[in-house]
Amino acid sequence: MSTTFRPSRNFEASCQDYLETELASGGWTGVTVALKGTDVYSTSIDTPVIIVGLSTTDIRFGEVGSNSIFREALLIITIYANSDGQRLDLKDFLISVLKEGFTYNTIVLASKVETKTADGQVLVLGIDDTPIDVNIPKTNLHKKDRYRHELVLRITRAELEA
Amino acid sequence: MPLRIEVIKKGKPIEKVITEIKEFPVKAKNDLIKLAQQVLNKMHRNINAERKRDKKVHGLSPKDSKMSLIDAIQIEYFENGWGIGNISYLKANSPHYLAINWGSNHIVGKVLYGHFGENSKPRSSGKRQPFYATEPWYSMIPKKPIVGINYIEKTNFFLVGKIQDIIAKWSKK
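The structure presented is a predicted model; accordingly, all values stated were derived computationally and were not measured. (Residues numbered from 1 in each chain as written. Chains lettered and ligands numbered in written order. Predicted model: local features only at pLDDT ≥ 70, side-chain atom pairs only at ≥ 80, totals over all residues. Heavy atoms only, no water.)

1. Thoughts on the overall build of chain A
Helix and strand content of chain A: two helices and seven strands. Ordered by position in the sequence, the α and β elements of chain A form the string β-α-β-β-β-α-β-β-β. Taking 15 Å as the expected radius of gyration for a compact globule of 162 residues, we find that chain A reaches 17 Å, a close match to that expectation. Structurally, chain A occupies a C-alpha span of about 60 × 35 × 25 Å along its principal axes. Expressed as a percentage of the 162 residues in chain A, the buried residues total 46%. Carbon and sulfur atoms provide 49% of the accessible area of chain A, an area that totals close to 8200 Å². Each charge class in chain A was averaged separately, 17 positive and 22 negative side chains, and the resulting centres sit 5 Å apart. (Helix = DSSP H or I, 4+ residues; strand = E, 2+ residues; numbered from the N terminus. Rg over C-alpha atoms; globule rule 2.2 N^0.38 Å. Buried < 20%, exposed > 50% of the residue type's maximum accessible area, 1.4 Å probe, protein only. Areas by Shrake-Rupley, 256 points an atom, 1.4 Å probe, with all protein chains shown as cover. Lys, Arg positive; Asp, Glu negative; His and termini not counted. Charge placed at Lys NZ, Arg CZ, Asp CG, Glu CD.)

So this is what it looks like as structure tokens:
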């Protein structure tokens, strides 16, 4: 039995793939890229960690007389770094690669094997860049919470969805 | 260095385009003011949608006099606009507003008191952690971190979409 990912999961998985590839070719080692829902506090995961998660989506009809839609989504990328320097370097690196957009893959999962098919491009319409400070002294925070950063991307596919 | 100006609105003299830009806030003022209530409602819905427990009742527990996040987030109007959520007020009355937005592990293992009184007991639920009836206020020791719900980012996304709609509406007229 196979599972075909729908657009929201395709966005997340496509971004995860893209970041893994770019981090490797950019010389970064030991950086985990995971999807939202991953327990970053687990002892089996070491920082730095990058969490990718799709949040809300704005859907509008794209044409008069057609049900095709235009989907604009909010993609949230959270960095859990080991230091302030690493946090800043990672976020700047991610901005430099994400501003180019990335390939949209449609993904089919069968017997735990993912089959990815490139199906256009994801456009990045804007990036908000925010250091995460929850107003708690760093010494009172979990060590994985001390150097966090958030990139909020507005993304869309470069085509209408039938 | 020369300055290059590109006029992309065809068929209109530059003077008219400048006038339209200047008039925009006046024409769109009512729509922009109405937007405040929509944005507040959206932010409250974003919080409620991810709520893990019942909404807290303010002032019942002497151990914790802070407000429910929703009660603390309100519209503030000022001369030329409005804002949602006064940061100083939130820091004083709902200091976990950022931890709820982004998530944090700092509460794990600490004793916390909810805003529950004897007439407003927390509901027990199979999968969630229990509150203990202590002193006689209810307390708990969280085992799991706060999961960030990104209610600020979601609301901002909504706001940007609505402002785009208003710009589109008034640009056509």
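After that view of the structure, there is still more to cover.
2. Details of the environment of Gly85(B)
Residues and elements named next belong to chain B. Mapped onto the elements, Gly-85 comes out in the loop between strand E2 (81–84) and helix H4 (87–93). Between the C-alpha atoms of Gly-85 and Tyr-113, which are 28 residues apart in sequence, the distance is 24 Å. Look past the residues within four positions of Gly-85 in its chain and what remains in contact with it is Ile-73, Gln-74 and Leu-90. (Contact = heavy atoms within 4.5 Å.)

3. Observations regarding the interface of chain A and chain B
On the chain B side, the residues contacting the 26 residues of chain A number 20 residues. Interface area, chain A with chain B, both sides summed: about 1800 Å², of which 57% is carbon and sulfur. When the buried area of chain A at its contact with chain B is split by residue, Arg60(A), Val134(A) and Asn135(A) rank highest and sum to 23% of it. Along the contact surface separating chain A from chain B lie one salt bridge. Taken together, the connections running from chain A to chain B amount to six residue pairs in polar contact (both at pLDDT 80 or more). Only strand E3 (49–61), strand E4 (69–80), strand E6 (113–131) and strand E7 (148–157) of chain A provide two or more residues apiece to the side of chain A that touches chain B. Top element by residues in the side of chain A that touches chain B is E3(A). It accounts for five residues. Of the residues contributing to the side of chain A that touches chain B, the split by class is ten nonpolar, seven polar and nine charged. (Buried area = accessible area lost by both parts, 1.4 Å probe. Salt bridge = Lys/Arg side-chain N within 4 Å of Asp/Glu carboxyl O. Polar contact = N/O pair within 3.5 Å; in protein donor to acceptor, adjacent residues only side chain to side chain. Nonpolar A, V, L, I, M, F, W, Y, C, P; charged D, E, K, R; others polar.)

4. Things to note about the packing of aromatic side chains
Any pair of aromatic rings gets described here by the distance separating the centres and the angle formed by the planes. Residue and element names in this part refer to chain A. Going through the model one piece at a time under the given rule, you end up with three aromatic pairs over all chains. Centre to centre, the rings of Phe-11 and Tyr-104 are 5.4 Å apart; their planes meet at 70°, and the pair counts as edge-to-face. In this pair, Phe-11 is assigned in helix H1 (residues 7–25) and Tyr-104 in strand E5 (residues 102–110), connecting sequence segments 93 residues apart. Ring centres 5.6 Å apart and planes at 25° place the aromatic pair Tyr-18 and Phe-102 in the stacked group. On the criterion of sequence distance, the pair formed by Tyr-18 in helix H1 and Phe-102 in strand E5 is long-range, its members being 84 residues apart. Against the face of Phe-5 rests Arg-9, its NZ or CZ located 3.8 Å from the ring centre. Here the basic side chain of Arg-157 rests over the ring of Tyr-104, its NZ or CZ set 3.9 Å away from the ring centre. (Phe/Tyr/Trp six-rings, centres within 6.5 Å; stacked < 30°, edge-to-face > 60°. Lys NZ or Arg CZ within 6 Å of the ring centre and 35° of its normal.)

5. Structural notes on the nonpolar core
If you look at the biggest cluster of nonpolar residues, it comprises 28 residues, and the most contacted ones within it are Val134(A), Ile47(B), Leu69(B), Ile73(B), Ile84(B) and Tyr151(B). Looking at this core, the elements that each hand over two or more residues are helix H2 (29–49), helix H3 (69–72), helix H5 (97–102) and helix H6 (151–172) of chain B. Counting residues per element, this core draws most heavily on H2(B), which supplies six residues. Setting aside residues no more than four positions away along its own chain, Ile84(B) makes contact with Ala36(B), Val39(B), Leu40(B), Met43(B), Ile73(B), Gln74(B) and Ile75(B). In this structure, Val31(A), Leu75(A), Leu94(A) and Leu98(A) belong to the second largest nonpolar core, which totals 27 residues. (Core = buried A, V, L, I, M, F, W, Y, C linked by side-chain atoms within 4.5 Å.)

6. Examining the confidence of the model for chain B
Residue and element names in this part refer to chain B. Model confidence for chain B is summarised by a mean pLDDT of 80, while 72% of its residues fall at 70 or above. In the model of chain B, strand E5 (residues 132–133) stands out as the element of lowest mean pLDDT, 65, in contrast to H5, which has the highest, 94. We note a pTM of 0.85 for the whole complex and an ipTM of 0.88 for its interfaces. (pLDDT = per-residue confidence, 0-100.)

7. Some words on unusual backbone geometry
Thr47(A) connects to Pro48(A) through a cis peptide bond whose omega is 5°. Mapped onto the secondary structure, Pro48(A) falls in the loop between strand E2 (32–35) and E3. In the Ramachandran plot, Lys112(A) falls in the positive-phi region, its phi being about 65° despite a non-glycine side chain. Topologically, Lys112(A) is positioned in the loop between E5 and E6. Backbone geometry at Asn150(B) places phi at a positive 50°, although glycine is not the residue there. Mapped onto the elements of the fold, Asn150(B) is located in the loop between strand E7 (146–147) and H6.

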